[in-house]
Amino acid sequence: KNVKSIAYILVVGVLIIPNFTAMSGVLPEPPAKPENGFGSDNRPYDVTSVSLDIVASDFIVENMTPESKEYDWDVHIYTPSPVPKNMPLAIYLHGYEGEEEEVYIDSLRTIASRGVAVIFPQYASNYDVSKYDVNMLNYTRGGSNHPQHEWRYSMAWEGVLLGTNYLENSFQEYDHSYLWIGGHSMGAGTSLYIIDKSVEMGWGNNSLIINLEAPWVYSSYSPFSGNLTNL
């Protein structure tokens, strides 16, 4: 009985000890938040937003799941107000099943509140791949040959073009030579293709920032793997 009690105490101790300093409050505190610049709460611009319907190409829609076909797909565009001179462009790509605007609303509005136009294109995560043999799937060097990549990436790019057309027609100050491209999870994988297409368009010539958050698998087959040699 004593051996069991001692063993129990030892197990409890092993579980508690690694967290003891944190629970007791003796760990160092994070640095003070800066008043200006990166990491601060300084948001000099108000934010306005608009949503545009995405009419995806037939080859994308025909491969969607029934639920995806019924979804109301949009591209959400955020702009700072007043519009700054040489307003840069940010493209934010959502993760798997993160299509809802609310998932990333804080990030999108924060970027826009610092003087950057933001495009958030929704693109379908789920497709009917029942006709494909699961044994065909191959994961290599962080990528895969999933057939869904072509449809996801193509739909994302169609949304980006819809958003940039709106900005070009609405704001003289819009300047895509200053470009930020970022994505979370599946969106990080999608980013490689979007970066490639953006560079082909001549965007990001003055500055190009790439931000990949918790990256997930990207397409391992051309032309959707993203040719980054042009960087």
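Remember, it's a predicted structure, so these values are computed and weren't measured experimentally.

Student: Just checking my understanding: could you explain the sheet that holds strand 9 (residues 218–219) for this structure?
Tutor: Picture the strands of a sheet paired through backbone hydrogen bonds; they go either parallel or antiparallel. The strand order across the open sheet built from three strands is 5-6-9, with neighbouring strands paired in mixed fashion. Edge positions in the open sheet fall to strand 5 (139–140) and strand 9, since each of these has one partner strand only. Where strand 6 (residues 143–144) lies against strand 9, two bridges are found, and the strand directions are parallel. Each residue of the ladder has a partner; that of Gly143, found in strand 9, is Tyr218.

Student: What am I meant to see in the pairing of strand 8 (residues 207–213) here?
Tutor: Relative to strand 8, strand 7 (residues 174–184) runs parallel, the two being bridged by seven bridges. Considered in strand 8, the bridge of Gly183 is made with Leu212. In terms of handedness, the path from strand 7 via helix 6 (residues 186–200) over to strand 8 forms a crossover that is right-handed.

Student: Help me understand helix 6 in this model?
Tutor: Residues lying three or four places apart along an α-helix face the same way, a consequence of the helix completing one turn every 3.6 residues. For helix 6, built from 15 residues, the straight-helix expectation of 21 Å at 1.5 Å per residue is met to within 8% by its first-to-last C-alpha distance of 22 Å. With twelve of its 15 residues buried, helix 6 lies for the most part within the structure. When helix 6 is considered as a whole, its buried residues turn out to be Met186, Gly187, Ala188, Gly189, Thr190, Ser191, Leu192, Tyr193, Ile194, Ile195, Asp196 and Ser198. Summarising the contacts, the buried residues of helix 6 are in contact with strand 3 (87–93), helix 5 (148–170), strand 7, strand 8 and strand 9. Positioned one or two residues after helix 6, Gly202 has a phi angle of 85 degrees, which is positive.

Student: I would appreciate a short explanation of the pairing of strand 2 (residues 74–81) in the present structure.
Tutor: Strand 2 sits mainly inside the fold: seven of its eight residues count as buried. Pairing of strand 2 with strand 4 (residues 117–121) involves four bridges; the strand directions are antiparallel. In the strand pairing of strand 4, Tyr78 is matched with Val118.

Student: For this particular structure, what's the right way to read the layout of surface pockets?
Tutor: As a volume, the largest pocket reaches approximately 400 Å³. As for the largest pocket, its lining consists of 16 residues, and the residues nearest its centre are Phe38, Ile111, Arg114, Val116 and Trp180. Looking at the lining of the largest pocket, the elements with two or more residues in it are strand 3, helix 4 (105–112), strand 7 and strand 8. No other element matches the four residues that helix 4 contributes to the lining of the largest pocket. Its residues placed into classes, the lining of the largest pocket shows ten nonpolar, four polar and two charged.

Student: So what exactly am I meant to see when it comes to the side chain of Thr79 here?
Tutor: With respect to the secondary-structure elements, Thr79 resides in strand 2. On the accessibility criterion, Thr79 (5% relative accessible area) is buried. Within polar-contact distance, the side chain of Thr79 engages the side chain of Thr48 at 2.8 Å. If sequence neighbours within four positions are ignored, Thr79 has contacts with Asp46, Val47, Thr48, Ala112, Ala117, Leu167 and Phe171.

Student: When you look at the packing of aromatic side chains in this model, what are you seeing that I'm missing?
Tutor: Pairs of aromatic rings are described using the distance from one ring centre to the other and the angle between the two planes. One pass over the structure, following the stated rule, counts 13 aromatic pairs. Between Tyr96 and Trp216, the aromatic rings sit 6.2 Å apart at their centres with planes inclined by 65 degrees, giving edge-to-face as the arrangement. Of this pair, Tyr96 sits in the loop between strand 3 and helix 4 while Trp216 sits in the loop between strand 8 and strand 9, and the two are 120 residues apart along the sequence. With relative accessibility at 40%, the residue Tyr96 sits in the partly exposed group. Residue classification places Trp216 among the partly exposed residues on the basis of a relative accessible area of 39%. Each member of the aromatic cluster is reached from another via a ring pair, and the members are Tyr92, Tyr104, Phe120 and Trp180.

Thresholds, definitions, all that
Residues numbered from 1 in each chain as written. Predicted model: local features only at pLDDT ≥ 70, side-chain atom pairs only at ≥ 80, totals over all residues. Heavy atoms only, no water. Pairing = 2+ DSSP bridges. Helix = DSSP H or I, 4+ residues; strand = E, 2+ residues; numbered from the N terminus. Right-handed = clockwise from strand over helix to strand, strands pointing away. Expected span 1.5 Å × (residues − 1). Buried < 20%, exposed > 50% of the residue type's maximum accessible area, 1.4 Å probe, protein only. Contact = heavy atoms within 4.5 Å. 1 Å grid on protein atoms, 1.4 Å probe; cavity = no way out; pocket = protein on both sides within 12 Å on 5 of 7 lines; lining within 4 Å. Points joined across faces, edges and corners; volume = space filled by probe spheres on them. Nonpolar A, V, L, I, M, F, W, Y, C, P; charged D, E, K, R; others polar. Polar contact = N/O pair within 3.5 Å; in protein donor to acceptor, adjacent residues only side chain to side chain. Phe/Tyr/Trp six-rings, centres within 6.5 Å; stacked < 30°, edge-to-face > 60°.

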